[in-house]
Each structure stands twice: as structure tokens, then as C-alpha cells.
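Next come the chains, spelled out residue by residue.
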Amino acid sequence: MATSKKTIAAKADITAVEKKVKAAPKKAAPKKAAPKKKETTSKNEVVEKKAAPKKAATKAQLKLQFQIRYHTAFGQNIFLTGNHVLLGNGDIGNAVPMQYLNDQTWTVNIDWPNEANKESIQYNYVLVNADGTAVIDWGTDRVLDLQAYKTSQIQVVDTWNHAGYFENSFYTEAFQQVLLAESKTEYKVKATKQATHIFRVKSPLLSKNQVICLSGSFKDADNWSDTHLLIMGKTASSPFFELSLNLSKDQFPIAYKYGIYDIELNKLIQFEAGDNRVLHHPVIKDQLTIVNDGFTYLPNQTWKGAGVAIPVFSLRTQSSFGVGEFTDLIKMVDWAEQVGLKMIQLLPVNDTTATNTNKDSYPYAAISAFALHPLYLNLSKIVNKTQVKQLQQLEKERLQLNALATVDYASVIQLKFNFARKIYKANGKELLQQSSFLAFYQQNKHWLVPYAVFCYLRDEYGTVDFSKWPAYKHYKEQDIEALVHPDSRAYDDIAFHYFLQYHLHLQLKEAAAYAHSKGIIIKGDIAIGVYRYGADTWQHPDLFHMDFQAGAPPDDFAVTGQNWGFPTYNWQRMQEDGFAWWKQRFEQMSHYFDAFRIDHILGFFRIWSIPLDAVEGIMGHFVPAIPIAASTFADNGIWFNYDRYTKPYITDAVLWEIFGYDNELVKSMFLIHHENGTYSLKPGFETQRLVEQHFTTLDQDQYHQKIKKGIFSLISNVLLFDSDGTGQYFHFRFGIEHTTSFKNLEYTTQEQLRGLYVNYFFKQQDDFWKKEAYKKLPSLKRVTNMLVCGEDLGMVPSCVPEVMQQLGLLSLEIQRMPKNPEKQFFHPNDAPYLSVVTPSTHDMSTIRGWWEEDKALIQHFYNQELGQWGDAPHYCEAWINKAIVIQHLFSPAMWSVFQIQDLMGINEKIRRDNPLAEQINVPANPDHYWCYRMHVSIESLIEESDFNSELKSFIKKSGR
């Protein structure tokens, strides 16, 4: 680690701070200290000033001075904020402005009322840039316990904590509570009487029995003597190593360094790297100086872990009910511990029950962003001794379902619902009176009650589409309160969902606790969207744009784009209440998970937004995005014809290319012929949605599907989308070069449009999208102490890596999806430390399946990435799969994560016969059935000693 850490300011729009900055003096950062000025402030913002007018006699006030060591650029200002009214009471808009002291320091003095001395202060610093954007230094551990210090003056000298510092990851709950829990060492030291200085520092990656020591050019250290190393104290309640000293007889400045000391071996292991630290803050009578030095300058990329990725529904145990359950995670933990894995990564586990069909198997289409899925309920855990026989009556069905190769979603969920209702009627009401349930209810009622009512109304009216309900189609608190009253006719049916959610909560909590006891963390997945007709959109319609659909632009996996069907977010409305709904989601995740993956994190920068009248994702554009003005075409010398660019380009040649001999049928049924030789869609067929509705009345055979897809292609054969219907602003259709509309333009026009297109997608939006991300992500990350990873795949704006690095978010790196367009593959050796490397995800084929897709590509991979001579084997033999896994294990990335299929692929004996049956999702198919299950039980996997020993040795040798 470098001695001096460079902080690059992450930006987040904070209007209130911007207003205050305009009123505050702009300080450049001159070579000499700026002169002190008289400054009129409120009584809550006392800064550098001359003697104030004397007031009536009161008790002496505590004088606090805060200093932050940070090099600012011209136009930047620093503010102090905290949880006390004198520090703005948590409102950044009321933060206290600090004074520029010198090239490396800002300061502020505050007279602290004596009656407030019993309180602890939690505070942070805010850097505000010249444009009003701001960033808060990271962490919540800046705490000043005023009661602990018997002095009249306290000087606090702080170090800026940049969110992107690697060390911050190790202070998340995943590491502190689980992964590093056993390596923590507490050490008590006797407090120095009449201490003048307290040194505090953090150092997360110490081994068992290791602590931090201090040495330097002061008398207590005997001027760097090896025999006078000062061991610092450490308690379980604080992340800091701390040491108090009396430096009243020392000369300043003093030089010092921290080091690692082994208290069992009684010896120094090493000093921190870099130049000596220097303290310029001398002893002042009646003043205590607290020096917060941030992190030690010690290696900070040494910790690495490996994990397994598997959806809960894919787990298979001998006691499963045809689908994986939360309790099956316990056996998966046993296997993970056996081979040395430290993480189990899941897909979303929220309730998706919308149609009661296999379509509900899509785990990213949650009807509630908070409720757990009843599919994962273990029925044996909800029965008492007298009800065991009732459960045994389902044993035949359980065995039949559990013997299937895949999940029979509809059958499993129906059986579980029916049996759970019986148990609820028998003893559910008693459970709802228990104190443990009541505590759960109080903590979760903000989502639990609306969700339970939604489920009741869904079943009562036979649809989740609340716009079609005869009553309650609009969420109103008073109506809901009446429905959930215990005297209501609907109460029992509603409370049944309380009952289910409580048991699911207990079962997932039990599995997570067991994982923690084995030193393993559970990583969840927070979906970017919610189902269009769900409890969230019903309860909070103002948070969503219900007239648009979220999706993704075309790529190699989905050539016409993806349409997920979710409504897009009304970010402006969400920002008005500080993103409360998102913060509640993050809090809910923290009940069960130690880390989580933000699905499609690019949606926080911009989302691919598709109008409701479209079916394919290719009809969308990014929102927000800066449109192209009509005048821009003229400014660039481009001929502009509104109809030619924005309407489907349909000619006889186009029709022949798409439909062949069926083109005459298409003309007669769907098109209008014009005198200039072009065609347009007949009324009733102008949009993809109208066309789809027409074809739902016909046989769904291959022929009709071909005609329907062809008409979709006609409709999407445009170059521009009218941004607001005025004909003045436009968005480019993605991939215009592949359209016949573009190919039939003159070459000069093509080149001119291509230049605008590239600028629109890859240059014009970048800074705009960066600011959008900084409006959302920093404040959301601050509300959780989980380890946060972002799924940053797809069409990634160039600003994304910078933002993720600034915020300390782990990126996702996939070998076959390089983010550098000039490379065909990404090598795991090139991964940044704050990242997760993986050879495949649930949205793509496994290693073995991929090997059979594109022989030319595989040949290049075989020779260049694996370094092998000759022709690549036709099938992915075990040694090839093994080589790819080992590549990823030895990556410098913090995490290497593998689908269970890819790990089993290294062994010829236990791998599945058909690799094509291992793919969990096909993104190009919106109706894909998510039904993959392990082909062997976890109990059987645990018994595979040769496989487990080999995998364990690979993981151990890689340092994971």
C-alpha cells in the first residue's frame, strides 16, 4: 500500500449543500494559510473567530477542534456533519463549513455545551466540489465519546476515508462477523495517566494473535528502540487499535510508524511500508489530541475467497420436496466447508406467484421485493408432533417429485400451498399470538400487510392485474386497515400469508446462522426490477413508470434485445424521500445475507426503457439520455426526413428478404402500398403489441411464429425514435447499421449518421450517466454494511468502472465477456482486486456447454488462453474444465465464484452426461422455464471423496 492515499472525489448531487457552498467563501488551496476572517454564523456553527461577546455566566464549555487531512483543489470545500444539532443533526444541508488551514488540512472549532457532554458524537466529513456535487467520507465509525475524556479541550486529527479503499471491504459484516471473526485478537493496555495524545488506527488483515504496535522518535518508544515497541489496545466493540501517550516531554514534530506484533511469539513481524508518519500537533495545556490515522500501510490485497453459485430451487437433497428449500442450504454449507469454499451465492428468493403456472419460475419477476417465496418452505418444519402423519400422506408425491430431473414448479407450489393452509387452520392462530411472531410482524408490517392483502385479492379475483379487480384496484390505507382487522371476513385468508412469511423467515435465518457457524457467508441477489402487477406497484404506483418496460439492448445472447416487462423506476420521485423504498429493500436483505449482488447495476446509471406498445427490447432506448435535436442533423450537413428516419422502411426488397414467398400474404393482410413503392402497416397492426394480440388468436405453430417475428422486424426497421412526439428531439435505435433502412441510405449519409450514432451512445451520455449514478448509489450503499457486488455486464458505459471503484463496489468479470472491445477474451489474471471472477453465470451456458457452441472461437481460446497446441477437443474434457477453474482460482480478484455445474465438470465421474441440460436461463427466450436441478444429491456429493479432495487442494493451493 502506498504511504499517501489519493482520494478521488465521488460525486453525488446534494442540492442543499450546493446552496450552502454558494454562500461559503471559495478557498483555492494557496501555498500559505489563508488569513482568518470574521464570520457571522448561527449559534450552531461556531467557526474560527475572534472573542465572542460575553454571555451570562454558564458552566464551562468543552472546546472541540476537528481537523481533516485532505488536499483540496481550487473551488472545493469541506464540511463537517454529524448526529448532533450542532453538526446539522444528520442533515447534510446544515453541515458545518470548515476553514482552510494549509495545503493538507481543513479545520473547524466548536464550543460544545457542557450539558451535551454526555452524548457520543458520530460524524463525517463532506467534500463539496465547485459544481455543487459532493461526497461523504466513508464509514460510520467516526465516534467521539465525550464522557470518556476529562479535559476542557479536544483536538481531533482525522484522515479521509475514501470509499474505494480496499480495507473498507473488510469492515463489512461479511468479514467482521464471519470471514475474519476467528482471526480477531483483543488486547488490553493500561491507559496512560494525563495522556496528551491518543493514537488510533485500523488494520483488518491480521492473523490470530497479531496486534498493532507503535514506535517512533519519542521517549516512550526510546527513539525507535526494538525493545520499546508500544502495543496498542483493541476491544471487540471498536474497529480501532488505540494507544494513549503522554508526549509532554517530547519535541515536535515526531516521526512514527505502526507495525505488526505477535503477542504469542512476543516479536515484531514487520513495520508498515513507506515513509515515516509525522505528527505536527504539539502538547497544549488542558488539551487532548486524538490522532485518527485511518488504515495501516500494510498489504491489503492478501485475502481471497472462493464460492459456489446455485439457485435455491436447484438444490437437491434426499429430503427435498421436488425443489430446493431454504433448509437444504444447511447441507450445501456442509459440502462447501468440506472443500474450502467460503461463499454460497444465490439467485433472488422473493415470491413470484403471479399466474400459478411455470411462468412464475422466473426468479427476477417478484410480486414483492420483500416477501420470501413459499416454494422454498420446508413443510416438516411447520408441523407439530400430532401433524406428522398428515405430512406422511404426501410422501408418495414428495418422492415422485424429488426423483424428477428438473423442478415441476406448478405441482410443487400447489401441494405446498394446500398443505400449509391445513396446518395454518389447525394451529396458525396460536402462532400469531406468540411474542416472536409479533416482533417479526412489527419489524416487517410496512411490506407484510400490503403483500398479504395483495395475495388475498389475487386469489379472490383470480388475477394479479389489480387494474382488473372489481374493488381495491387503488391502494388506500383505510381500506386495507378494514380488511386486516381481526373481525374482517378476509382476516384468516390474509393472515395465512403472515404465517407463511414468518416460517420462511425462520428457516432462512436458521440456514444463514448455520453457514456463519461454519465460517461461510451467504450472498443474495437484489433484482433490478419488480413484476408489473405486484404488491410494490399496487402500494406505491408513484415510484414506477407503469407505461414503460425495462429491458436490455441487443447483444450476442439476445439479438432483438430483452424485454423484462418490469415497469421502470421513477427515480425523481424516489429521490424525494431519500430512496426510502430502496433502503428498506437493502435492510430486508441484511436480515438473511452477508453480501449481495445488484442485478444489472447499469440500471442505476440508465435503464433500457421500452414503450408498452412494443414487444421486443430493440424498440427501447436508454432513460435518462440526452436526445439529439433535429437541428443537429442540419448542423452536421445531414439530409433529414422525419418519415424516412422514424417510420418503418418497407419495400418489396425488404419484404422478400424477410418473408420470401410469403411476402404476398403479408402485403395483403398487414400492409398498405404507397405510390413511391414503399409500404406502411395497416391500422390495427402499427405496433408490435397489436401484432402480438392478433397472433394470439391463431395457432402458435412455427409458421405463424415466423410471420409474427417478421412483422416485428418490419416495425423495428427504423433509425430514430421521436423522443417526445414533437419531432424536435430523437433517440437512435440501437444497432442501426444492421437495418435495411440504414443500408439503403447513400454512403455519405451513412457515414454522417454513424458518427452521430457513436457520439450519442458512447460519448455524449457518459458524464450525464455518471452524475445519475452518484445521485443514487452512494446514499444507498451507506445504509447497509453488507459486501456489495455489481453485475456490470452488457453495454457498459465508460464511466461505470470509475464509479464502482470510487464506491468500493465489486465488479463482475467473465472470461468470455471482456469489457475491453479490443479483446476476444478476458483473462482472470487481469482482474482488479475488488471484483468477482467467474467462468459462467446463470444467464449463459456452462463451461462445457460453451465449448460446443462456436468451434472457431473455442479453437482460439484453446490455443491462446489455455496455451495448448493443435486442434481443440470436440468436447470439453474434464482436464480442460479443470484448467479453466484453476485459472480463475489463481486470479488476483477478491472472489472466484463458480456455478456448481462448472465445479462438477472437472470430474468425469460426477459431471452430468448432457452439458446442454446445465444452462439455467436463456435470456433470448422471455418464456424460459427456470427448472434446473442438481443431478446428484448434496449427500451424494459429500461422499465423493476423490472429487472433494482434488477440489479442496486446488482451492488451498490458490490461497483461497
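Computed from a predicted model, the values in this text were never measured in an experiment.

Let us look at the overall build of the protein chain. Within the protein chain, the regular secondary structure consists of 28 helices and 38 strands. Expected size for 960 residues packed as a compact globule is a radius of gyration near 30 Å; at 31 Å, the protein chain falls within 12% of this value. A principal-axis box enclosing the C-alpha atoms of the protein chain has dimensions of 100 × 80 × 75 Å. In the protein chain, which comprises 960 residues, the share counted as buried stands at 56%. Accessible surface for the protein chain amounts to roughly 41800 Å². Of this, 51% is attributable to carbon and sulfur atoms.

Within this structure, the stated rule accounts for 39 salt bridges. With its nearest N and O atoms 2.1 Å apart, the salt bridge here joins E751 to R754. Note that E751 and R754 are positioned in helix α20 (residues 747–762) at a spacing of three residues, about one turn of the helix. Residue classification places R754 among the partly exposed residues on the basis of a relative accessible area of 22%. Several salt bridges converge on common partners, so that one network encompasses R69, E272, R277 and D293.

What follows deals with the nonpolar core. W335, I344, Y498, W581, W582 and F732 are the most contacted members of the largest nonpolar core, which totals 203 residues. Beyond its immediate sequence surroundings of up to four residues, W582 is in contact with I526, A527, I528, Y569, W571, M574, F604 and L780. The next biggest cluster of nonpolar side chains, apart from the first, holds 30 residues, and it includes W112, L144, I154 and I198.

Let us look at the packing of helix α17 (residues 688–695) against helix α18 (residues 702–715). Between α17 and α18, the least distance of the axes is 10 Å, while the angle of their chain directions is 170 degrees. On the basis of their axis angle, the class for α17 and α18 is roughly antiparallel. Where α17 crosses over α18, the two elements pack in a sense that is right-handed. Touching Q688, V691, E692 and F695 of α17 are H704, I707, K708, I711, F712 and I715, all from α18. Tallied by class, the residues present in the contact of α17 with α18 amount to six nonpolar, two polar and two charged.

Assignment of secondary structure puts N161 in the loop between β10 (153–159) and α2 (173–179). Of note is the side chain of N161, whose polar atom sits 3.0 Å from the side chain of N168.

Caution applies to low-pLDDT parts of the model: their predicted coordinates are not meant to be read in detail. A residue-level look at the protein chain finds 93% of positions with pLDDT of 70 or above and a mean pLDDT of 92. Between residues 1–58, whose pLDDT stays under 50, and residues either more than four places distant or in other chains, the model counts 117 contacts.

What follows covers the sheet that holds strand β34 (residues 729–732). Spatial ordering of the open sheet is given by β30-β34-β33, a layout of three strands whose pairing is antiparallel. The sheet is open, and its two edges are formed by β30 (628–629) and β33 (720–722), each paired on a single side. Relative to β34, β33 runs antiparallel, the two being bridged by three bridges. Across the sheet, F721 pairs through a bridge with H731, a residue of β34. The strands touched by α20 within the sheet are β30 and β34, with β34 carrying the most contacts at an inclination of about 85 degrees.

The tally for this structure, following the rule as stated, stands at 75 aromatic pairs. Consider the rings of Y862 and W879, whose centres lie 6.3 Å apart with planes at 65 degrees: the pair is edge-to-face. In this pair, Y862 is assigned in helix α24 (residues 855–865) and W879 in helix α25 (residues 878–889), connecting sequence segments 17 residues apart. The exposure class assigned to Y862 is buried, which follows from its relative accessible area of 6%.

Note on placement: N402 falls in helix α5 (residues 395–403). Overall, N402 belongs to the buried group, its relative accessible area being 11%. Within the structure, N402 has its side chain in polar contact with the backbone oxygen of T317 (distance 3.0 Å).

Two elements, strand β16 (residues 254–262) and strand β17 (residues 267–271), share four bridges in a ladder whose sense is antiparallel. Residue G259 lies in a different strand from β17, and its bridge partner there is F271. With antiparallel pairing between neighbouring strands as the criterion, β16 and β17 make up a hairpin whose turn holds four residues, including N266 at a positive phi of roughly 55 degrees.

Across a regular strand the side chains alternate sides, sitting on one face of the sheet and then on the other. Most of strand β22 (residues 521–526) sits out of view: six of its six residues are buried. Every second residue of β22 is oriented toward a common face, with I521, K523 and D525 on one face and I522, G524 and I526 on the other, all of them buried. Relative to β22, strand β21 (residues 343–345) runs parallel, the two being bridged by three bridges. Bridging across to β22, M343 finds its partner in I521. Looking at chain direction, β22 and strand β27 (residues 595–598) are connected through four bridges and run parallel. Paired with I526 across the bridge in β27 is I598.

Attention now moves to the sheet that holds β22. Strands sit in the order β35-β27-β22-β21-β20-β38-β37-β36 across an open sheet of eight strands; the sheet is parallel. Whereas interior strands pair on both sides, the edge strands pair on one side only; in this sheet they are β35 (787–790) and β36 (811–814). Here the strands of the sheet are splayed against their neighbours by 25 degrees on average, with no regard to which way each runs.

What follows covers unusual backbone geometry. In this model, F252 is joined to P253 through a cis peptide bond whose omega is 0 degrees. Positionally, P253 belongs in the loop between β15 (241–245) and β16. Here V623 and P624 are connected by a cis peptide whose omega angle stands at -5 degrees. A positive phi angle, near 50 degrees, is found at D222, a position not held by glycine.

On to the environment of R933, then. By secondary structure assignment, the location of R933 is in the loop between α26 (900–904) and α27 (938–943). Given the relative accessible area of 0%, R933 is considered buried. Separated by 609 residues in sequence, R933 and G324 place their C-alpha atoms 8.1 Å apart.

Taken together, the buried positions of α5 are R398, L401 and N402. Considered in projection along α5, the buried side chains sweep an arc of 95 degrees and stay on one side of the axis. In α5, the exposed positions angled more than 90 degrees off the buried face are occupied by K396 and A403. At its buried positions, α5 is contacted by α6 (409–431).

As for its placement among the helices and strands, V788 is situated in strand β35. C-alpha of V788 to C-alpha of T172: the two residues are 616 residues apart in sequence and 9.2 Å apart in space. Residue contacts for V788: discarding those within four places in its chain leaves F596, I598, G808, L809 and L810.

Rules used in this analysis
Every chain is numbered on its own, with residues counted from 1 as its sequence reads. For this predicted model, a pLDDT threshold of at least 70 governs which residues receive local features, and a threshold of 80 or more governs which side-chain atom pairs are given and counted, while totals over whole chains, interfaces and linings are taken from all residues. Calculated side-chain values reflect all of the structure's heavy atoms, with hydrogen atoms and water omitted. Numbering of helices and strands starts at the N terminus; helices are DSSP runs of H or I of at least 4 residues and strands are runs of E of at least 2. The atom set for the radius of gyration is the C-alpha atoms, and the globule formula is 2.2 Å times the number of residues raised to the power 0.38. Each residue is placed in one exposure class: buried if its accessible area under a 1.4 Å probe, protein chains only, is under 20% of its type's maximum, exposed if it is over 50%, and partly exposed if it falls in between. Where accessible areas are quoted, they stem from the Shrake-Rupley method and a 1.4 Å probe; at the residue level, only the protein chains shown are allowed to cover. Here, a salt bridge means any Lys or Arg side-chain nitrogen found within 4 Å of an Asp or Glu carboxyl oxygen. Only buried residues count toward a nonpolar core. Its members are Ala, Val, Leu, Ile, Met, Phe, Trp, Tyr and Cys residues joined through side-chain atoms within 4.5 Å. We call two residues contacting when some pair of their heavy atoms lies within 4.5 Å. Axes, fitted as lines to C-alpha atoms, cover a helix only where it is in contact. Angles between the N-to-C directions of the axes lie from 0 to 180 degrees. Throughout, the term roughly parallel applies to angles under 35 degrees, roughly antiparallel to angles over 145, roughly perpendicular to angles from 65 to 115, and oblique to all others. Left-handed is the label given to a crossing in which the near helix is rotated counterclockwise from the far helix by less than a right angle, and right-handed is the label when the rotation is clockwise. Following the grouping adopted for this structure description, the nonpolar residues are Ala, Val, Leu, Ile, Met, Phe, Trp, Tyr, Cys and Pro, the charged ones are Asp, Glu, Lys and Arg, and the polar ones are all others, Gly among them. Definition of a polar contact: a pair of N or O atoms within 3.5 Å, with one able to donate and the other able to accept a hydrogen when the atoms are protein atoms, and with sequence-neighbouring residues admitted only if both atoms are side-chain atoms. pLDDT gives the predictor's per-residue confidence on a scale running from 0 to 100. The criterion for strand pairing is that DSSP finds at least two bridges linking the strands in question. Each Phe, Tyr or Trp ring (for Trp, its six-membered ring) is paired with any other whose centre lies within 6.5 Å, and the angle between the two planes then decides the class: stacked below 30 degrees, edge-to-face above 60, tilted in between. Read the arc as the range of directions from the helix axis to the C-beta atoms.

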